[in-house]
Amino acid sequence: MGTSKAKQLLLKFLSLFSAVRGYNILVLIAAQYLVAIFVFSPTKSLTKILFDSHLLFVVLATVFVIAGGYIINNFYDVKVDKINRPLKSSIDNHIKQATKLRLYFLLNFIGFGFGVLISLRAALFFALYIFAIWFYSHKLKKHPFIGVLSATVLTVLPFFAVFVYFGNFHKIIFMYAGFLFLVIMVRQLIKDLQNIKGAIANNYSTFPVVYGEKKTKQLAIFLLGFTSILVVILFRYAAIGSMQYFFYFALVVLLIVGIYLWQSNTRNDYRILHNILKLLLLFGVVCLLFSDTSLLLDKVINRLN
């Protein structure tokens, strides 16, 4: 009996971790702190950033709200996931729909609470963000271009929260945000190509369903080309430091993705491309550590002193 209960608890934990996409949440936390340290506040000491209670509240508010967003998205996509992601769907089913709904409200309430602790303006931002995620999951994702655009905006917005908190408006930050925005948008288009069967079966008017695979590929490749131009412009700024090597790598990856995408026609091909871009974004977050190694060293030395 004890072993059976332990197994059930483990399955429920894995189901919850899958529903809130725990891996993405962990990456988001790391990304927000790395961006805060190396991009938005390079002159502040490591101690001030890591022990900044308001920054902690921004990160926690974002984490809880996005976790809630993943749950409501999962709630509405039960039928679609059974077709597109049967394994994930079978794991997620260990938590009842009613429980997911209660968790959704609880997580958003906690996230909004942390927003209140920051300021009324932050509370309003997170309240609007909660509504936007729900509206996307319930309505917007079923429509062609607006679904892709809104998914991309909602993915980038957590970094905007940190951006506004530090008030750093350097041109390079806008350029880097543009790079992230375009890569995420291409990844979303490829994800829609990957999930086209589930979308058709459930009457979702996603971009590939409405305009076809060929036009979706053409749009994605056009965006990849525009992203490459943006990367070339970024090379003009010496302030990117060692991040230039990441952008050289990114150019190669974007070229490979573009060529492979045009030749792709199976769900497995699109899954591989989607994961490549996901890894590129993760690598971009990790590479923030090497954007300016002297900056990291100075922060650590200041902490020790």
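Residues numbered from 1 in each chain as written. Predicted model: local features only at pLDDT ≥ 70, side-chain atom pairs only at ≥ 80, totals over all residues. Heavy atoms only, no water.

### Topic: the overall build of the protein
So, point 1. Per the secondary structure count, the protein includes 15 helices and 0 strands.
So, point 2. Approximately 15900 Å² of the protein is accessible, and the part contributed by carbon and sulfur atoms is 70%. (Helix = DSSP H or I, 4+ residues; strand = E, 2+ residues; numbered from the N terminus. Areas by Shrake-Rupley, 256 points an atom, 1.4 Å probe, with all protein chains shown as cover.)

### Overview of the environment of Phe 226
So, point 1. Mapping Phe 226 onto the fold places it in helix α12 (residues 207–234).
So, point 2. It is 8.2 Å that separates the C-alpha atoms of Phe 226 and Leu 182, two residues lying 44 residues apart in sequence.

### Examining the environment of Val 153
So, point 1. Checked against the element boundaries, Val 153 lands in helix α9 (residues 144–166).
So, point 2. Residue Val 153 is classed as partly exposed on the basis of its relative accessible area, which comes to 36%.
So, point 3. Distance from Val 153 to Ile 184, taken between C-alpha atoms, is 9.1 Å for residues 31 residues apart in sequence. (Buried < 20%, exposed > 50% of the residue type's maximum accessible area, 1.4 Å probe, protein only.)

### Some thoughts on the packing of aromatic side chains
How two aromatic rings sit relative to each other is given by the distance of their centres and the angle of their planes.
So, point 1. Taken as a whole and assessed by the stated rule, the structure comprises 16 aromatic pairs.
So, point 2. The interplanar angle of 85° and the centroid separation of 5.4 Å between the aromatic rings of Phe 179 and Phe 247 together place this pair among those described as edge-to-face. Placement of Phe 179 in helix α10 (residues 171–194) and of Phe 247 in helix α13 (residues 243–263) is noted, with a sequence separation of 68 residues between them. Per residue, the accessibility class of Phe 179 equals that of Phe 247, and both read buried.
So, point 3. Feature note: the residues Phe 179, Phe 246, Phe 247, Phe 249 and Phe 283 constitute an aromatic cluster, connected by ring pairs. (Phe/Tyr/Trp six-rings, centres within 6.5 Å; stacked < 30°, edge-to-face > 60°.)

### Some points on the side chain of Thr 206
So, point 1. By the secondary structure assignment, Thr 206 is in the loop between α11 (196–201) and α12.
So, point 2. Exposure remark for Thr 206: the relative accessible area of 6% places this residue in the buried category.
So, point 3. Setting aside residues up to four positions removed in sequence, Thr 206 forms contacts with Lys 141, Lys 142, His 143, Pro 144, Asp 192 and Ala 199. (Contact = heavy atoms within 4.5 Å.)

### Focus on the packing of helix α4 (residues 53–76) against helix α7 (residues 97–118)
So, point 1. Interhelical geometry of α4 versus α7 gives an angle of 160° and a closest axis separation of 8 Å. On the basis of the axis angle, α4 is roughly antiparallel to α7. Here the hand of the crossing between α4 and α7 comes out left-handed.
So, point 2. Among the residues making up the contact of α4 with α7, the classes are represented as 18 nonpolar, 7 polar and 1 charged. (Axes fitted to C-alpha atoms, helices over the stretch in contact; angles between N-to-C directions. Parallel < 35°, antiparallel > 145°, perpendicular 65-115°, else oblique. Left-handed = near helix turned anticlockwise from the far one by under 90°. Nonpolar A, V, L, I, M, F, W, Y, C, P; charged D, E, K, R; others polar.)

### Things to note about the nonpolar core
Nonpolar side chains in soluble globular proteins tend to be buried together.
So, point 1. If you look at the biggest cluster of nonpolar residues, it comprises 37 residues, and the most contacted ones within it are Phe 179, Ile 190, Phe 246, Phe 247 and Leu 277.
So, point 2. Going through the elements one at a time, α9, α10, α12, α13 and α14 (267–286) are the ones with two or more residues in this core.
So, point 3. Among the elements that take part in this core, α10 stands out by supplying 13 residues, more than any other.
So, point 4. Not counting chain neighbours up to four residues away, the residues in contact with Ile 190 comprise Val 257, Leu 261, Tyr 270, Leu 273, His 274 and Leu 277.
So, point 5. Listed in part, the 34 residues of the second largest apolar core include Ile 49, Ala 122, Leu 140 and Val 162. (Core = buried A, V, L, I, M, F, W, Y, C linked by side-chain atoms within 4.5 Å.)

### Let's talk about α14
So, point 1. End to end, α14 covers 29 Å across 20 residues, agreeing with the expected 28 Å (1.5 Å per residue, within 8%).
So, point 2. Regarding α14, the residues found buried are Asp 269, Tyr 270, Leu 273, His 274, Leu 277, Leu 280, Leu 281, Gly 284 and Val 285. The arc that holds every buried residue of α14, seen down its axis, measures 165°, which confines them to one face. (Expected span 1.5 Å × (residues − 1). Arc of directions from axis to C-beta.)

### What to know about the confidence of the model for the protein
Should the pLDDT be low somewhere, the predicted coordinates at that spot are not to be read in detail.
So, point 1. Looking at the protein as a whole, its pLDDT mean stands at 80, while 78% of the residues score no less than 70.
So, point 2. Least confident of the elements in the protein is helix α15 (residues 293–304), whose mean pLDDT is 42; most confident is α12, at 92.
So, point 3. In this model residues 293–305 is a low-confidence stretch, pLDDT under 50, and it forms 14 contacts with partners more than four residues away in sequence or in other chains. (pLDDT = per-residue confidence, 0-100.)

### Some words on α12
So, point 1. The terminal C-alpha atoms of α12 lie 30 Å apart, and with 28 residues this falls more than 12% below the ideal 40 Å at 1.5 Å per residue.
So, point 2. The sharpest bend along α12 comes to roughly 95°, located at Glu 213. (Bend = angle between axes of the 7 residues up to and from the residue.)

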